[in-house]
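Residues per chain, in single letters:
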Amino acid sequence: MKKSILLLLILTAIFLISCQKFETVVDDTPDTPVDNQTTTAITKMSDLVISEDFDWSMIKTMDVEITIPNEANRQITRIFSLDRSKMYFNGYPEDNSNILKTRVTFPTYVENVLVEYGNGSNGIVVNIAGKQTSLIADLNSTIKSTWALHTTATQSIYKTTPSCDVDLSGTYGAISIEDGEIYCIAEGTTVTTGDITFNGGTLNVKGELIVNGKIKVQGNKGGYLYITSVGSINADQILFTHFDEFINYGTVTETSNGGPSVAADVLFENHGTMNCNGIVNQSEDFLNTGIMNVEGQFNNNGIGTNEGTIYVTGPNGHFNNTGNPSVKFYNYCAIYVEQHFNNNSKFYHYGYIEVDKKTNITGSGNTFFEMGKYSLVVTEDLQISGEVFGPDENGAKFKVAVETKLTGATNMTGYIQICDADGTIEVNNGTLGANVNFGCDLEIPSNDCNPGDEPPIDPPDPPDTETFEGTLAYEDLWPGKGDYDINDLVVEYDFDISKNAQEKVEHITASFMIRAFGATLHNGFGFTFPNVDPSDIVSVTGYDIASGSVYNMAANGTEIGASAATFIVVDDPYRVMTHPGVGIGVNTDPFAPYVSPVTLVLEIEFVPGAVTYSQLDIGSFNPFIVKDQDRGIEIHLPNYKNTELADVSHFGTWEDDTNPPDKYYLTQDNLPWGIHIPERFDYPVERQLILGAYYHFAEWAQGDGTVYADWYKDLPGYRNASVIY
């Protein structure tokens, strides 16, 4: 018996000497001093003071809620790093609504991300720094909000839908609507009439109205005409003289030659679609927030405001803002002109104007052309013989395709850039302020009104799928404390997730590169998807497990006995990577021959429709090693739970302080047996504490991850390259 006890003590001593190789930093001095280098006085892991709340995580998974445009054909939403080199998410709402809810994992050092919808024109930057747990964004809020955004409330006397005295249905001859009477056309009803004459009454159109004649007011008795969002009018002619109010939320088509003239006393509001052959505005209350299709001239002789889109087309398609100094036009969105744009009054431009031919700006004193920040005029030719005022900061631009003429009457002030396609200003006799320049480098951002104008750039092509990759590095002496060179097993992983438009996971290609193992133990490696049932998996291929191993695999390739889908990647790295015959393990001793890493690729097929992307929650995947072919001894990342196949009798033994359900795989001093780095990790050589390899590791750990969250990067003053493999 004494001999047996002595032999056991000798074997234990040999085991401890061979595995727990050292405790202090071997070399904490770089070969070449680095500017701003900060080194730590801590040379032992046991000297670290780690908070009980610190989870050692270098990733964070956030609840994402993104409001996207509410349209019939959903476009894809993406979340990128700011340089677009990494895509953290691309997909659609799971319920086909315009609210995208999911879970996305980011490196903890990332402070801002780029969220884009469709072609990216609605992209916004969202801050996710610190302890935030949610990413909330509204992609309906675009750069338009940075303009002098203007919203005019309706001035109508009817704030609610008027009640009806007479419901029209069928075909009529001429109709007269008397003072105080309210006529209605119900939704889904088609009415055909001759002339409609207002004698002070009201017509509310919810259905379809076809007028084979005129809509007019008798004398000066007034009238009120309303078209709801589901209503429409097609009339030969609409005479707006003496109307009190014309309010359109539906579709109105006026086919007369020459188009309507909006008189001075009319409240004219188009919130829907208005089609006409030319139009003259003399009103002081002219508002367009919808779409106006004007085949012919648009003449503003009153006060007009555009918050929607105006198309002025045809061989006579000119936009004219002319008349006396009281004439004003405010453009807050888009105007497209097929012929010429002419201004000889007050024009306030805060949006986008596109002119196929010439833009003429004339006049001075009481007439001018004022431009707001991010305003843009795109034109074939530009001639200025008047005053142009730009914003107080960069943002206003003329983009000229052919010819630019600035006559002697030109007076331009403020921040304005004139970009002529050939770089030549053909005539420049004007007076230009200090902040007027000729160039094309000013960026005008795009939004839902303005296509924008940005200098051509070649950004890096973003990845096609989400990026979820990183490195796992373990100590293998659990439940005994490790030696903290963090290289007993180093595995680099990359998940490529295929899913459909309903965010159902279809397939995962999971690549695992075994880069190094600085251990004498034959440790297996596997992982679980905690939120996925084994029955949700159709098949798994690509793993490397020898026959007769300690693993019992089901027909679909998941491990039997675990309630969550569990995958074994390799049973023994020594079997797939040949030991070079020198040193401990493989690729940790710089004096031993290098062995090419081995990559194992698991192809995981999911049951159709069984698992959504948010349910998968890829950031919660739970990797672990199985110690020295003993299936009952699992070693997980800190506070990651064991599978049902682990022997929990080891919990709380030696240096382990696991205390379910609150604490897993941490020592009493809250030190881990594994770390998860969200990118490629350059691990320490054999017999080198991670403290001596990475100068800010201690600060990060003792600071609860709030400082030097990127401690593992190759940045000046961050690492001692001489002790990194």
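Please read these numbers as outputs of a predicted model, since none were measured by experiment.

Caption draft 1: Structural view of the overall build of the chain. Regarding its fold elements, the chain presents five helices and 52 strands. Within the chain, the fraction of its 725 residues that count as buried is 52%. Across the chain, every contact between residues at least 6 apart in sequence was considered, and the portion connecting residues at least 24 apart equals 50%. Here the chain displays about 29,900 Å² of accessible surface, and carbon together with sulfur accounts for 48% of that area.

Caption draft 2: Local environment of the confidence of the model for the chain. This prediction gives the chain a mean pLDDT of 88; 90% of its residues lie at or above 70. Ignoring residues within four places in sequence, the model shows residues 1–22, a span with pLDDT below 50, making 21 contacts including any to other chains. Every residue in residues 26–40 scores below 50 in pLDDT, and together they form 34 contacts with partners more than four places removed in sequence or on other chains.

Caption draft 3: Examining unusual backbone geometry more closely. The omega torsion across Trp-478 and Pro-479 is 5 degrees, close enough to zero to call that bond cis. Tracing the backbone shows Pro-479 in the loop between β43 (468–474) and β44 (489–499). In this structure, Asp-628 takes a positive phi of about 45 degrees despite not being glycine. Of note, Asp-628 is situated in the loop between β50 (622–626) and β51 (634–636). Within the chain, Arg-687 stands out as a residue other than glycine whose phi angle is a positive 70 degrees. Here Arg-687 is to be found in the loop between β52 (674–677) and α4 (690–693).

Caption draft 4: A look at the state of the cysteines. Evaluation of the coordinates by the stated rule reveals three disulfides. Linked covalently through their sulfurs, Cys-164 and Cys-184 form a disulfide whose S-S length is 1.8 Å. Linking Cys-164 and Cys-184, the disulfide has an S-S dihedral of approximately -95 degrees and is accordingly described as left-handed. Placement of the pair is Cys-164 in the loop between β7 (134–138) and β8 (166–168) and Cys-184 in strand β11 (residues 182–185), with a sequence separation of 20 residues. You can call Cys-164 partly exposed: its relative accessible area is 37%. Residue Cys-184 is classed as buried on the basis of its relative accessible area, which comes to 3%. Disulfide pairing places Cys-419 opposite Cys-440 at an S-S distance of 1.9 Å. Here Cys-419 and Cys-440 share a disulfide; its torsion about the S-S bond, 95 degrees, makes the bridge right-handed. With Cys-419 in strand β39 (residues 416–420) and Cys-440 in the loop between β42 (436–438) and β43, the pair connects residues that are 21 residues apart, well separated along the chain. For Cys-440, a relative accessible area of 37% gives the class partly exposed.

Caption draft 5: Spatial organisation of the layout of surface pockets. In this structure, the largest pocket spans a volume of roughly 900 Å³. Around the largest pocket sit 32 residues that line it, and Asp-55, Ser-57, Ile-59, Lys-60 and Thr-108 are the ones nearest its centre. By residue number, the principal contributor to the lining of the largest pocket is strand β1 (residues 59–67), which donates four residues. Here the lining of the largest pocket is composed, by residue class, of 12 nonpolar, 12 polar and eight charged.

Caption draft 6: Summary view of a negative patch on the surface. On the surface, Glu-295, Glu-338, Asp-356 and Glu-380 cluster together into a negatively charged patch. Positionally, Asp-356 belongs in strand β34 (residues 352–363).

Caption draft 7: Main features of the sheet that holds β44. As summarised here, the arrangement of the six strands in space is β47-β49-β45-β44-β43-β52, forming an open sheet in which the pairing is antiparallel. Two strands close off the open sheet at either side, each with one partner strand: β47 (537–541) and β52. On average, each strand axis in the sheet is inclined to that of its neighbour by 20 degrees, with strand direction left out of account. When β44 meets strand β45 (residues 505–516), the two strands line up antiparallel, connected through 10 bridges. What sits directly across from Phe-495, in β45, is Ala-510.

Caption draft 8: Summary view of the packing of aromatic side chains. A complete count under the given rule lists 59 aromatic pairs for this structure. Ring geometry for Phe-651 and Tyr-665: centres 5.7 Å apart, planes at 90 degrees, overall edge-to-face. With Phe-651 in the loop between β51 and β52 and Tyr-665 in the loop between β51 and β52, this pair connects stretches of sequence that are 14 residues apart. Of the two residues examined, Phe-651 and Tyr-665, each falls in the buried class. Directly above the ring of Tyr-613 sits Lys-499, whose terminal nitrogen or CZ lies 3.7 Å from the centroid.

Caption draft 9: Region of interest: the pairing of strand β36 (residues 376–389). Counting buried residues in β36 gives 10 out of 14 residues, a clear majority hidden from the surface. Sheet analysis places β34 next to β36, joined by 10 bridges and oriented parallel. By the bridge assignment, Asn-360 is partnered in β36 with Gln-383. Note that strand β35 (residues 368–371) and β36 share two bridges and pair parallel. Bridge pairing in β36 places Phe-369 opposite Val-388. Pairing analysis gives three bridges linking β36 to strand β38 (residues 411–413), with the strands arranged parallel. Among the inter-strand pairings, Val-388 is bridged to a residue of β38, identified as Met-412.

Caption draft 10: Representation of the pairing of strand β37 (residues 396–406) within the structure. Here β36 pairs with β37 via eight bridges, running parallel. Following the sheet pairing, Val-378 is matched in β37 by Lys-399. Across five bridges, β37 lies against β39 in parallel orientation. The partner of Phe-398 across the bridge, within β39, is Ile-418. Where β37 and strand β40 (residues 427–428) come together, two bridges link them in parallel fashion. Along β40, the bridge assignment pairs Leu-406 with Asn-428.

Caption draft 11: Quick look at the sheet that holds strand β6 (residues 124–127). The strand order across the open sheet formed by four strands is β3-β2-β5-β6, and the pairing between neighbours is antiparallel. What marks the edges here is a single partner per strand, and that holds for β3 (87–91) and β6. Averaged over all adjacent pairs, the angle separating strand axes in this sheet is 25 degrees, with direction ignored. Direction of pairing for strand β2 (residues 77–81) relative to strand β5 (residues 112–117): antiparallel, over a ladder of five bridges. The residue bridging Ile-79 from the neighbouring strand is Val-115, located in β5.

Caption draft 12: Looking closely at the pattern of salt bridges. A full pass over the atoms with the stated rule returns 18 salt bridges. Between Glu-503 and Lys-499 there is a salt bridge whose closest N-O contact spans 3.0 Å. Residue Glu-503 is classed as buried on the basis of its relative accessible area of 1%. Classification of Lys-499 by relative accessible area gives buried; the value is 17%. We note a salt bridge from Asp-571 to Arg-575, for which the minimum N-O separation is 2.7 Å. Residue class for Arg-575 comes out partly exposed when judged on its relative accessible area of 39%. When salt bridges with common partners are traced through the structure, they connect Asp-63, Arg-103 and Asp-617 into a single cluster.

Analysis parameters
- Residues numbered from 1 in each chain as written.
- Predicted model: local features only at pLDDT ≥ 70, side-chain atom pairs only at ≥ 80, totals over all residues.
- Heavy atoms only, no water.
- Helix = DSSP H or I, 4+ residues; strand = E, 2+ residues; numbered from the N terminus.
- Buried < 20%, exposed > 50% of the residue type's maximum accessible area, 1.4 Å probe, protein only.
- Contact = heavy atoms within 4.5 Å.
- Areas by Shrake-Rupley, 256 points an atom, 1.4 Å probe, with all protein chains shown as cover.
- pLDDT = per-residue confidence, 0-100.
- Disulfide = S-S within 2.5 Å.
- 1 Å grid on protein atoms, 1.4 Å probe; cavity = no way out; pocket = protein on both sides within 12 Å on 5 of 7 lines; lining within 4 Å.
- Points joined across faces, edges and corners; volume = space filled by probe spheres on them.
- Nonpolar A, V, L, I, M, F, W, Y, C, P; charged D, E, K, R; others polar.
- Patch = residues over 30% accessible without salt bridge, like charges linked within 9 Å, V, L, I, M, F, W, Y side chains within 5 Å.
- Salt bridge = Lys/Arg side-chain N within 4 Å of Asp/Glu carboxyl O.
- Lys, Arg positive; Asp, Glu negative; His and termini not counted.
- Charge placed at Lys NZ, Arg CZ, Asp CG, Glu CD.
- Pairing = 2+ DSSP bridges.
- Axes fitted to C-alpha atoms, helices over the stretch in contact; angles between N-to-C directions.
- Phe/Tyr/Trp six-rings, centres within 6.5 Å; stacked < 30°, edge-to-face > 60°.
- Lys NZ or Arg CZ within 6 Å of the ring centre and 35° of its normal.

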